[in-house]
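# Breakdown of the fold
Listed below, chain by chain, are the residues.
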Amino acid sequence: MAAGAGAGARLVPRPPLPWPRDTEAAPPARLSAAGVDLEPSARLKEAEAGAERETWDKKVEFLLAVIGFAVDLGNVWRFPYICYKNGGGAFLIPYLIMLIFGGLPLFYMELALGQYHRSGCLTLWKKICPALKGIGYAICIIDIYMAMCYNTVLAWSVYYLVQSLQAELPWTRCFNAWNTDRCRQSPANGTLPAAGGGASNSSANTTSPAYEFFHYAVLEVQHAKGIDDLGAVKWPLALSLLAVFFLVYFSLWKGVKSTGKVVWITALFPYVVLFILFLRGITLPGAWMGIRYYLTPQWHRLSDVKVWIDAATQIFFSLGPGFGTLLALSSYNKFNNNCFKDAMITSTINCLTSFLAGFVIFSVLGYMATVQHKDINEVGTDGPGLVFYVYPEAVAMMSGSVFWAIIFFLMLITLGLDSTFGGLEAMITGLCDEYPNMLGKHREIFVGFLLVFCYICAIPTTTYGGTYVVDLLMIYGPGISVLFIVFVESVAVCWFYGANRFAGDVERMLGSRPGIFWRICWNFVSPLFLLFIFVCSLVTYEDLRTKDYIYPRWSILLGWAMTGSSLACIPAYIIYMFLATPGSLKQRFYVCITPESDLELNSSLVPAAITSKESESAAAPTAV
């Protein structure tokens, strides 16, 4: 009890908010029916007036940054194919169910956590469950893996953009130095005859000029034997990657002040291009055949468990919880920003973008199938192949192909840039918050050294066999580990910290308590949703392989080592904190799972060494 409190005084514990210690007793606050302080009163006003943490210049910059992060290359190259493969229009049912009950609650939770505590992925955990700070370090490692492979994909797009600045696209014809005898060109603009001595375009042994340009001119995989013999560095790709890192640096070096300006271009330009490509696509011959393939519902597929697994996986990786980005971006919001409204707007835009991208892709696939007299199954694919040789092949057959190629690859670059901004900002914010004197005060230098380190680590991805490294990083870097990390995060927030307490935090910010739906989702549905995806990922796991290459055993073990390198941070930090904390076993356990702001509320379970330290940095409860 606070010194001098009367016999009937009521204690209001110091809320776990990131504002300075009070020097005077705060005036009585307005409380909700649940007893939550809705108006932190003088303390909130003083905190916001004197807080050193920068904020977004405009609310719309935050929204654009979140949209830019969530809407990435996966919306273009994965969702349309997944939708078509899993029942067309019928797939939208499990997709929306997984969005409402799984993805959206997690998305909302991370935005609210970052905004309330105004902390990155490391410092946040001392306010939630200190022993789980290893989650933050795991996120940092995952973000490094993502920077190594994702930026390389952007480098491919930069290379394509430069190569598109010619009178004729280099992947239009077969008669180039890199082409093989199997190359057969499709009728460009509906007029050119097939090349290759009358061989059939539909032959299973033939390849398109676009396919060979990607593999034999861009990647030059013919000079590598596999992941155990990557060959030399391809310097044009290395320079393209360097250009990407330069763009990333000058977008991140000043924090949200610089990022907030860049996202006006990187978040909005892709939509301009998508709408242009949509209007062009639906006017092509055969476009509506492709759209019918995309949307025609196959209701019997809803009984297939794999459809539901794909829906859950797609919505999770599309919204992007667990990478620390939503925490970082929302931590620069004002305290009373309506993060619930933000979550609704950005998640809706993300899903609608995926849906629109399906029209863009399948209208063109329908056109390709019509021109080549093939079934759409024969011309479509997912992943990088869709955007680096399937769609470019269709572009090469259009009139004005150079223009369409330029805007398409500009779209890919801008789509990817703000996603890589977000991933790296999560790590930068987390480390700068955790080490403010060493890193936070020298952000520009720190960001520079970090990106140089990431670039050096990414050099192997620019070798002739770099695509093997990219695939390995994408599968084993973030894949399974981020699912487990978000599961632990959800359990920590909803069960250790408490979903009701978290709902109270949201009520302090927004003035109204989240409804019963959200509390049920946070308590039960979201953790089970994540556990479902994680278990299914393990059960359905198969060693990485492509159509033409089987990865050696040592590379699979290396991949699992990458997965383990991030996951190991969680138990390692738990053990470290438990051993480093003074006191009895019971006291150590209590300190490890209790938010730092709550330690003063049960002094009998807090070692004297920690109590004396807390008394210097924390305010005592205020009697009112």
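Residues numbered from 1 in each chain as written. Predicted model: local features only at pLDDT ≥ 70, side-chain atom pairs only at ≥ 80, totals over all residues. Heavy atoms only, no water.

On to the overall build of the protein chain, then. Along the protein chain, the regular secondary structure elements total 24 helices and two strands. For the protein chain, the proportion of its 624 residues judged to be buried stands at 59%. Nonlocal contacts in the protein chain, meaning residues at least 24 apart in sequence, comprise 80% of its contacts between residues at least 6 apart. (Helix = DSSP H or I, 4+ residues; strand = E, 2+ residues; numbered from the N terminus. Buried < 20%, exposed > 50% of the residue type's maximum accessible area, 1.4 Å probe, protein only. Contact = heavy atoms within 4.5 Å.)

With that settled, the discussion passes to the packing of helix H21 (residues 553-567) against helix H22 (residues 569-580). Across the interface, H21 lies against H22 with an axial gap of 5 Å and an inter-helix angle of 35 degrees. Residues Ser-565, Ser-566 and Leu-567 of H21 lie in contact with H22, whose contacting residues are Cys-569, Ile-570 and Pro-571. Tallied by class, the residues present in the contact of H21 with H22 amount to four nonpolar, two polar and no charged. (Axes fitted to C-alpha atoms, helices over the stretch in contact; angles between N-to-C directions. Nonpolar A, V, L, I, M, F, W, Y, C, P; charged D, E, K, R; others polar.)

Within the element layout of this structure, Asn-350 appears in helix H14 (residues 339-372). Classification of Asn-350 by relative accessible area gives buried; the value is 0%. With near-sequence residues (within four places) excluded, Asn-350 lies in contact with Ala-70, Val-71, Asn-75, Ser-318 and Leu-319.

Bringing the pattern of salt bridges into the picture now. This model, assessed by the stated rule, comprises 16 salt bridges. Measuring nitrogen to oxygen at the nearest pair gives 3.6 Å for the salt bridge that ties Lys-261 to Glu-61. Of the two residues, Lys-261 is situated in helix H9 (residues 256-266) and Glu-61 in helix H2 (residues 59-70); the sequence distance between them amounts to 200 residues. Lys-306 serves as the salt-bridge partner of Asp-310, at 3.3 Å between the closest nitrogen and oxygen. Of the two residues, Asp-310 and Lys-306 both sit in helix H12 (residues 305-319), four residues apart, roughly one turn of that helix. Judged by relative accessible area, which is 8%, Asp-310 ranks as buried. (Salt bridge = Lys/Arg side-chain N within 4 Å of Asp/Glu carboxyl O.)

All told, the structure shown has one disulfide when counted by the stated rule. Sulfur-sulfur distance for the disulfide between Cys-174 and Cys-183 comes to 2.1 Å. Looking along the S-S bond of the Cys-174-Cys-183 disulfide, the torsion reads about -80 degrees, which is the left-handed sense. Both residues of the pair, Cys-174 and Cys-183, count as buried. (Disulfide = S-S within 2.5 Å.)

Turning our attention to the environment of Val-387. Mapped onto the elements of the fold, Val-387 is located in helix H16 (residues 384-396). Between the C-alpha atom of Val-387 and that of Val-76, which follows or precedes it by 311 residues, the distance is 8.0 Å. Aside from chain neighbours lying at most four places away, what touches Val-387 is Val-76, Trp-77, Pro-392, Phe-408, Phe-409 and Leu-412.

Our focus in this paragraph is the packing of aromatic side chains. According to the stated counting rule, one finds 51 aromatic pairs in the structure shown. With a centroid separation of 5.5 Å and an interplanar angle of 65 degrees, the aromatic rings of Trp-178 and Phe-213 are classed as edge-to-face. Of this pair, Trp-178 sits in the loop between helix H6 (134-163) and helix H7 (209-218) while Phe-213 is found in helix H7, placing the two residues 35 residues apart along the sequence. Using a relative accessible area of 1% as the deciding quantity, one classes Phe-213 as buried. Taken together through their ring pairs, the aromatic side chains of Trp-156, Tyr-160, Trp-171, Trp-178, Tyr-211, Phe-213, Phe-214, Phe-388, Tyr-389, Tyr-391, Phe-408 and Phe-409 make up a single cluster. Here Arg-53 stacks its cationic end above the ring of Tyr-332, 4.5 Å away from the centre of that ring. For Lys-254, the ring lying beneath its charged end belongs to Trp-253, and the centroid distance is 4.8 Å. (Phe/Tyr/Trp six-rings, centres within 6.5 Å; stacked < 30°, edge-to-face > 60°. Lys NZ or Arg CZ within 6 Å of the ring centre and 35° of its normal.)

Taking 1.5 Å per residue, 18 residues should reach 26 Å; helix H8 (residues 235-252) reaches 25 Å between its end C-alpha atoms and fits that length. Every buried residue belonging to H8 is among Leu-237, Ala-238, Ser-240, Leu-241, Val-244, Phe-245, Val-248, Tyr-249, Ser-251 and Leu-252, and all of these are buried. Contacts made by the buried residues of H8 are with H6, H7, H9, helix H17 (401-434) and helix H18 (443-458). (Expected span 1.5 Å × (residues − 1).)

On to the environment of Val-263, then. Relative to the helices and strands, Val-263 is located in helix H9. Using a relative accessible area of 1% as the deciding quantity, one classes Val-263 as buried. When neighbours within four sequence positions are excluded, Val-263 is seen to be in contact with Glu-61, Leu-64, Ala-65 and Leu-268.

In this section: the nonpolar core. Counting residues in hydrophobic clusters, the biggest one holds 187 residues, and the most contacted among them are Trp-171, Leu-277, Phe-409, Leu-424 and Phe-502. A total of 22 residues in this core trace back to one element, the largest contributor, which is helix H19 (residues 466-510). Non-local contacts of Trp-171, meaning those with residues more than four positions away in its chain, are made with Tyr-160, Ser-164, Pro-209, Ala-210, Phe-213, Pro-392, Glu-393, Ala-396, Ala-405 and Phe-409. Listed in part, the seven residues of the second largest apolar core include Ala-131, Met-577, Tyr-590 and Cys-592. (Core = buried A, V, L, I, M, F, W, Y, C linked by side-chain atoms within 4.5 Å.)

Okay, H21 next. Residues three or four positions apart in an α-helix share a direction because the helix packs 3.6 residues into each turn. With 15 residues, H21 ought to run about 21 Å at 1.5 Å a step, and its terminal C-alpha atoms sit 21 Å apart, in line with that. When we look at burial in H21, the residues that qualify are Ser-555, Ile-556, Gly-559, Met-562, Thr-563 and Ser-566. Looking straight down H21, one finds its buried side chains confined to an arc of 110 degrees; they lie on one side. Buried residues along H21 sit in contact with H6, H19 and H22. (Arc of directions from axis to C-beta.)

Turning our eyes to something else, we now look at the confidence of the model for the protein chain. Mean pLDDT over the protein chain works out to 83, with 85% of the residues at or above the 70 mark. Predicted confidence for residues 1-34 stays below pLDDT 50, and this span has 65 contacts to residues more than four positions away or in other chains. Scored below 50 in pLDDT, residues 38-50 makes 25 contacts in the model with residues more than four places away or belonging to other chains. (pLDDT = per-residue confidence, 0-100.)

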